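Chain by chain, the residues:
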Amino acid sequence: MSIWIAIGVTALGCYAVKLVGLMVPAGVLERPLVRHLAALLPVALLAALTAQQTFSDGRVLVLDARAAGVAAAAVALILRAPFLLVVGAAVVVTAGVRALGG
């Protein structure tokens, strides 16, 4: 039963956040700082999610094959490789490290 309560509270919270967002005056949304922050927020959230999924296992910091894959992807990005090559490099390096016992 407590799970359904948590789901209900979460749904109400999401609705409240949406409602507050609709009440923000248009003048506030047109400010350059707000526009700039709104453009950067998805990138920051995705980077935080990637870091959390790559370098943690519950509450412990972990450096394993996933970190090697991210490093390979970073190198491919620095070399301006196409997106599919970046993903492929990350997959191959991660699989290679895991195959070697990492």
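Quantities reported herein were computed from a predicted structural model and do not represent experimental measurements.

Describing the nonpolar core
Move 1: Counting residues in each nonpolar core, the largest one holds 5 residues, listed as Ala 73, Ala 76, Ala 81, Val 86 and Ala 90.
Move 2: Only helix 4 (65–78) and helix 5 (83–99) provide two or more residues apiece to this core.

Some details on a nonpolar patch on the surface
Move 1: A cluster of nonpolar side chains, namely Met 1, Ile 3, Trp 4, Ile 5, Ile 7 and Val 9, defines an oily patch on the protein surface of about 750 Å² accessible area.
Move 2: Residue placement: Ile 5 occurs in helix 1 (residues 2–23).
Move 3: Looking at Ile 5, the relative accessible area reads 51%, which means it is exposed.

Structural notes on the pattern of salt bridges
Move 1: For the coordinates displayed, the defined rule picks out 2 salt bridges.
Move 2: For Glu 30, the salt bridge is made with Arg 35, and the minimal N-O distance between the two is 3.3 Å.
Move 3: Of the residues examined, Arg 35 reaches a relative accessible area of 51% and is grouped as exposed.
Move 4: Across the salt bridge formed by Asp 64 and Arg 66, the nearest N and O atoms sit 3.3 Å from each other.

Description of the side chain of Ser 56
Move 1: Structurally, Ser 56 can be placed in strand 1 (residues 56–57).
Move 2: Its relative accessible area of 18% is what places Ser 56 among the buried residues.

Structural notes on the UniProt feature "transmembrane region" (unreviewed entry) in the protein chain
Move 1: The positions that UniProt labels "transmembrane region" (unreviewed entry) are, in the present scheme, residues 32–49 and 70–97.
Move 2: Secondary structure across residues 32–49 comprises 100% helix and 0% strand; the distance between its end C-alpha atoms is 26 Å.

Topic: the packing of helix 3 (residues 32–55) against helix 4
Move 1: Helix 4 packs onto helix 3 with a crossing angle of 140° between their chain directions and a minimal axis gap of 8 Å. With respect to each other, helix 3 and helix 4 are oriented oblique. Counting all contacts with helix 3, which are made through Gln 53, Thr 54 and Phe 55, the residues of helix 4 involved are Arg 66, Ala 67 and Val 70.
Move 2: Split into classes, the residues belonging to the contact of helix 3 with helix 4 amount to 3 nonpolar, 2 polar and 1 charged.

A look at the environment of Thr 50
Move 1: Secondary-structure assignment places Thr 50 in helix 3.
Move 2: Accessibility expressed as a relative area gives 38% for Thr 50, which makes it partly exposed.
Move 3: Residues Thr 50 and Leu 63 lie 13 residues apart in sequence; the distance between their C-alpha atoms is 14 Å.

Concerning the packing of helix 4 against helix 5
Move 1: Contact geometry of helix 4 with helix 5 gives a least axis separation of 8 Å together with a crossing angle of 150°. Considering the angle they form, helix 4 stands roughly antiparallel to helix 5. Of the two possible hands of crossing, helix 4 and helix 5 adopt the one that is right-handed. On the side of helix 4, the interface is formed by Ala 65, Arg 66, Ala 68, Gly 69, Ala 72, Ala 73, Ala 76 and Leu 77, while helix 5 contributes Val 86, Ala 89, Ala 90, Val 93, Thr 94, Val 97 and Arg 98.

Rules used in this analysis
- Residues numbered from 1 in each chain as written.
- Predicted model: local features only at pLDDT ≥ 70, side-chain atom pairs only at ≥ 80, totals over all residues.
- Heavy atoms only, no water.
- Core = buried A, V, L, I, M, F, W, Y, C linked by side-chain atoms within 4.5 Å.
- Buried < 20%, exposed > 50% of the residue type's maximum accessible area, 1.4 Å probe, protein only.
- Helix = DSSP H or I, 4+ residues; strand = E, 2+ residues; numbered from the N terminus.
- Patch = residues over 30% accessible without salt bridge, like charges linked within 9 Å, V, L, I, M, F, W, Y side chains within 5 Å.
- Areas by Shrake-Rupley, 256 points an atom, 1.4 Å probe, with all protein chains shown as cover.
- Salt bridge = Lys/Arg side-chain N within 4 Å of Asp/Glu carboxyl O.
- UniProt positions renumbered as here; feature names shortened; annotations may be inferred.
- Axes fitted to C-alpha atoms, helices over the stretch in contact; angles between N-to-C directions.
- Parallel < 35°, antiparallel > 145°, perpendicular 65-115°, else oblique.
- Contact = heavy atoms within 4.5 Å.
- Nonpolar A, V, L, I, M, F, W, Y, C, P; charged D, E, K, R; others polar.
- Left-handed = near helix turned anticlockwise from the far one by under 90°.

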